[in-house]
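# Analysis of the macromolecular model
Residue-level listing of the chains:
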Amino acid sequence: MAVACFGIQIVTSVTYTYSCSDCHRSRSNDVSLCFHVVRQLFGLPLGFYSIPLGDKIGFQWSFTIYAIICVICFLPIAALILQGKIWKKNINKIPREISS
């Protein structure tokens, strides 16, 4: 469980720092609120059901599921880190009458 919590902490820290500090400084309060709501919504059920799920299917499979969930949730952030600059330039090229 400690390894899973460590992995979740790494993913959360990177996504929070990248989105609040690097990309959306003017909207950092809104972004942090969204992060905290999602973390609270999924943190309680994940912790509540992890032991029963581990007992039922085996702890190696339950932590594999948690690792897959972490990777899936981190993929959009990785895409933003790698391609965000290009996407931001392309959004700025959209004419005003289409974007509004």
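Residues numbered from 1 in each chain as written. Predicted model: local features only at pLDDT ≥ 70, side-chain atom pairs only at ≥ 80, totals over all residues. Heavy atoms only, no water.

Turning our attention to the overall build of the protein. If you tally the helices and strands in the protein, you get 4 helices and 0 strands. Listing each helix as α and each strand as β along the protein from the N terminus yields α-α-α-α. Buried residues in the protein amount to 16% of all 100 residues. Pairs at least 24 residues apart make up 38% of the contacts formed inside the protein by residues separated by at least 6 positions. When the accessible surface of the protein is totalled, it reaches about 8,100 Å², and 70% of it is carbon and sulfur. (Helix = DSSP H or I, 4+ residues; strand = E, 2+ residues; numbered from the N terminus. Buried < 20%, exposed > 50% of the residue type's maximum accessible area, 1.4 Å probe, protein only. Contact = heavy atoms within 4.5 Å. Areas by Shrake-Rupley, 256 points an atom, 1.4 Å probe, with all protein chains shown as cover.)

Once that is clear, we can look at the side chain of Ser62. As for its position among the elements, Ser62 is in helix 3 (residues 59-92). Taking the relative accessible area as the measure of exposure, Ser62 reaches 0% and is therefore buried. If sequence neighbours within four positions are ignored, Ser62 has contacts with Leu53, Gly54 and Ile57.

Below, the discussion takes up the confidence of the model for the protein. Model confidence for the protein is summarised by a mean pLDDT of 76, while 76% of its residues fall at 70 or above. No element of the protein has a lower mean pLDDT than helix 4 (residues 96-99), which averages 59, and none a higher one than helix 3, which averages 82. (pLDDT = per-residue confidence, 0-100.)

This part takes up a nonpolar patch on the surface. Residues Phe6, Ile10, Val14, Ile81 and Leu82 make up a contiguous nonpolar surface patch of roughly 490 Å² in combined accessible area. Contributions of two or more residues to the nonpolar patch are made by helix 1 (2-23) and helix 3. Residue contributions to the nonpolar patch peak at 3 residues, all from helix 1. Note on placement: Phe6 falls in helix 1. Given a relative accessible area of 56%, Phe6 falls into the exposed group. (Patch = residues over 30% accessible without salt bridge, like charges linked within 9 Å, V, L, I, M, F, W, Y side chains within 5 Å. Salt bridge = Lys/Arg side-chain N within 4 Å of Asp/Glu carboxyl O.)

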